[in-house]
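Residue-level listing of the chains:
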Amino acid sequence: SQQGEEDPQALSIQEGENATMNCSYKTSINNLQWYRQNSGRGLVHLILIRSNEREKHSGRLRVTLDTSKKSSSLLITASRAADTASYFCAGDNYGQNFVFGPGTRLSVLP
Amino acid sequence: DAGVIQSPRHEVTEMGQEVTLRCKPISGHDYLFWYRQTMMRGLELLIYFNNNVPIDDSGMPEDRFSAKMPNASFSTLKIQPSEPRDSAVYFCASSFPGLAGEMGELFFGEGSRLTVL
């Protein structure tokens, strides 16, 4: 089962602008997680939001979760060139089948 | 802790050869995952273990692939015989359970880039 599907597939913005990525999932989850992958590296965990939470912040990151729509969004504010990476989401269904979507490739232009 | 350690980082082999990829998870983590990443298919979950026991191997492509976790600090992913379509980056990740049985944060290794000629 697909537990994370990000859109858009690619996003290109100028440094200083905000970047918004979306994630949809199909089955019930108890938490949803966002990860970043720099080119040639492993994925790095960014933030986890639980099913009973609607919004969470971490530094320049803001994540929202709408369980009724089975969707989440990741907002990166005041983007920097170093934010250039691929971003993935995955929903946890109590440890079963932790599957990532195809990701959003973000390019932040200086 | 040094994080999740994978070896080799790069492997080039010829079709038909056996390939063994290795992973050392973070000490104390109960879950271990093997993923494969390609441009065409993205990140695919191959198999995952909980407390050294394989829980779901439905993502293993075919019988040529096998994975073992003989103890809490070591896992292998073996491909025998290898084929060019197996060329990909293979990631190992480990995790500890979060609150009330939920999946906690996954820690990924740097991956093993496999090229099968």
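Look a little higher up for the structure.
Cut-offs applied
- Residues numbered from 1 in each chain as written.
- Chains lettered and ligands numbered in written order.
- Predicted model: local features only at pLDDT ≥ 70, side-chain atom pairs only at ≥ 80, totals over all residues.
- Heavy atoms only, no water.
- Contact = heavy atoms within 4.5 Å.
- Buried area = accessible area lost by both parts, 1.4 Å probe.
- Salt bridge = Lys/Arg side-chain N within 4 Å of Asp/Glu carboxyl O.
- Polar contact = N/O pair within 3.5 Å; in protein donor to acceptor, adjacent residues only side chain to side chain.
- Helix = DSSP H or I, 4+ residues; strand = E, 2+ residues; numbered from the N terminus.
- Pairing = 2+ DSSP bridges.
- Axes fitted to C-alpha atoms, helices over the stretch in contact; angles between N-to-C directions.
- Phe/Tyr/Trp six-rings, centres within 6.5 Å; stacked < 30°, edge-to-face > 60°.
- Buried < 20%, exposed > 50% of the residue type's maximum accessible area, 1.4 Å probe, protein only.

(A) Looking closely at the interface of chain A and chain B. With 21 residues of chain A in contact, the opposing surface of chain B contributes 21 residues. Between chain A and chain B, the buried area comes to about 1700 Å², and carbon and sulfur atoms account for 49% of it. Joining chain A to chain B, the criterion identifies 1 salt bridge. Counting across the chain A and chain B interface gives 9 residue pairs in polar contact (both at pLDDT 80 or more). When residues of the side of chain A that touches chain B are traced back to their parent elements, those giving at least two are strand E4 (31–37), strand E5 (43–50) and strand E9 (85–92) of chain A.

(B) Region of interest: the sheet that holds strand E6 (residues 55–58) of chain A. Residue and element names in this part refer to chain A. Sheet architecture is open: 5 strands sit in the order E1-E3-E8-E7-E6, paired in antiparallel fashion. Taken across any chain shown, the strands that pair with only one partner, and hence form the sheet edges, are strand E1 (5–7) and E6. The sheet shows a mean angle of 20 degrees between the axes of neighbouring strands, direction not considered. Here E1 runs beside strand E3 (residues 19–24); their pairing, made up of 3 bridges, is antiparallel. Along E3, the bridge assignment pairs Glu 5 with Ser 24.

(C) Layout of the packing of aromatic side chains. Tallying each qualifying case throughout the model produces 13 aromatic pairs over all chains. On the numbers, 5.3 Å between centres and 85 degrees between planes, the contact of Tyr 35 of chain A with Phe 100 of chain A is edge-to-face. A residue pair is termed long-range when its members are at least 10 positions apart, and Tyr 35 of chain A in strand E4 and Phe 100 of chain A in the loop between E9 and strand E10 (104–109) qualify at 65 residues. Given the relative accessible area of 2%, Phe 100 of chain A is considered buried. With 6.1 Å between their ring centres and 20 degrees between their planes, Tyr 31 of chain B and Phe 33 of chain B make a pair best called stacked. Judged by relative accessible area, which is 9%, Tyr 31 of chain B ranks as buried. Take Phe 33 of chain B: its relative accessible area is 0%, and that puts it in the buried class.

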